[in-house]
Amino acid sequence: MDFVIILTMPRCFLREATPYSGHTARNFNARYGVRLILTYNVLTWWRTSLKMKRIPGLHSWITDLPPDIREAVVQSMRPRHYDDGEAVYLLGEEGHELYMVESGRVRSCNYSLSGKEIQYTVWQAGDCFGELSLIDGLCRVHSAYVQGPTDLLILHKQDFETLYAEYHEIAVEINKLLSRRLRLAHTVVDDATVLPMK
């Protein structure tokens, strides 16, 4: 069964893309964990849209910080290398770190009762993830595994809390990131609710 999404979202939700190709759809699937099937009208719109901008703040809360604060955050992070298939963290674990992908890829996923993997997204270079557990103190809600050799920058909880308390701009950028990810999640849920499952 195909899970179909008809694009009703603003074009700013899509990364920069050339006119539609199957490769673009696969990238969308890898990024957001959703199979994308486009109708004729959407294909026509896509072909006539020469520029599709990546939505600001959807992938990283660090990028748009003022330069001095961004430097303070990056200086507080520590590099860590992972080999292909290694777990960054597992569902249910306590969260003591957040991450930025320096190189490589990290997929977030869960598993159904039958053992089928449900992939949510794939984080790529420059993307941040793992913030939720440091903010609300609850356990990880999914597992994260690297795909291929991957280098991450790690920010420990204590350092995060120090920076968070010192610079209010960090809270502002994290709010933007989480709000925009929530908007994307609402779009997926809305489409899944109203579209036929045949």
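Above this text is the structure in question.
For the structure given in this document, a descriptive report is provided here. Small disclaimer: the values here were computed from a predicted structure and weren't measured.

**So, the pattern of salt bridges**
Enumeration over the complete set of coordinates arrives at 4 salt bridges. We note a salt bridge from Arg 107 to Glu 117, for which the minimum N-O separation is 3.0 Å. Of the two residues, Arg 107 is situated in strand S3 (residues 97-111) and Glu 117 in strand S4 (residues 117-123); the sequence distance between them amounts to 10 residues. On the basis of relative accessibility, which here comes to 30%, the residue Glu 117 falls in the partly exposed class. Among the ionic pairs, Glu 173 bridges to Lys 176, the shortest N-O distance being 3.5 Å. Of the two residues, Glu 173 and Lys 176 are both situated in helix H6 (residues 168-194); the distance of 3 residues between them amounts to about one turn of the helix.

**Structural notes on the environment of Ile 118**
As for its position among the elements, Ile 118 is in strand S4. Sequence separation between Ile 118 and His 142 is 24 residues; the distance between their C-alpha atoms is 9.8 Å.

**Regarding the environment of Leu 134**
Locating Leu 134 in the fold gives a position in helix H4 (residues 131-136). Exposure remark for Leu 134: the relative accessible area of 5% places this residue in the buried category. Leu 134 has contacts with Gly 95, His 96, Glu 97, Leu 98, Leu 155, Lys 157 and Phe 160, leaving out every residue within four places of it along the chain.

**What about the pairing of S3?**
Residues in a regular strand point their side chains to alternate faces of the sheet. Two elements, S3 and strand S6 (residues 143-156), share 11 bridges in a ladder whose sense is antiparallel. Pairing of Met 100 across the sheet is with Leu 153, part of S6. Pairing of S3 with strand S5 (residues 128-129), which is carried by 2 bridges, proceeds in the antiparallel orientation. By the bridge assignment for S5, Met 100 is matched with Cys 128. The pairing of S3 with S4 spans 6 bridges and is classified as antiparallel. Bridge pairing in S4 places Val 106 opposite Trp 123.

**Some thoughts on the nonpolar core**
Trp 61, Ile 62, Val 73, Met 77, Leu 155 and Ile 170 are the most contacted members of the largest nonpolar core, which has 18 residues in total. Every element with two or more residues in this core is listed here: helix H3 (67-76), S3, S6, helix H5 (157-166) and H6. Leave out the neighbours within four places in its chain, and Val 73 touches Trp 61, Ile 62, Leu 65, Leu 155, Leu 163 and Ile 170. If you look at the next biggest cluster of nonpolar residues, it comprises 12 residues, including Tyr 89, Ala 144, Val 146 and Ile 154.

Procedures and definitions
- Residues numbered from 1 in each chain as written.
- Predicted model: local features only at pLDDT ≥ 70, side-chain atom pairs only at ≥ 80, totals over all residues.
- Heavy atoms only, no water.
- Salt bridge = Lys/Arg side-chain N within 4 Å of Asp/Glu carboxyl O.
- Helix = DSSP H or I, 4+ residues; strand = E, 2+ residues; numbered from the N terminus.
- Buried < 20%, exposed > 50% of the residue type's maximum accessible area, 1.4 Å probe, protein only.
- Contact = heavy atoms within 4.5 Å.
- Pairing = 2+ DSSP bridges.
- Core = buried A, V, L, I, M, F, W, Y, C linked by side-chain atoms within 4.5 Å.

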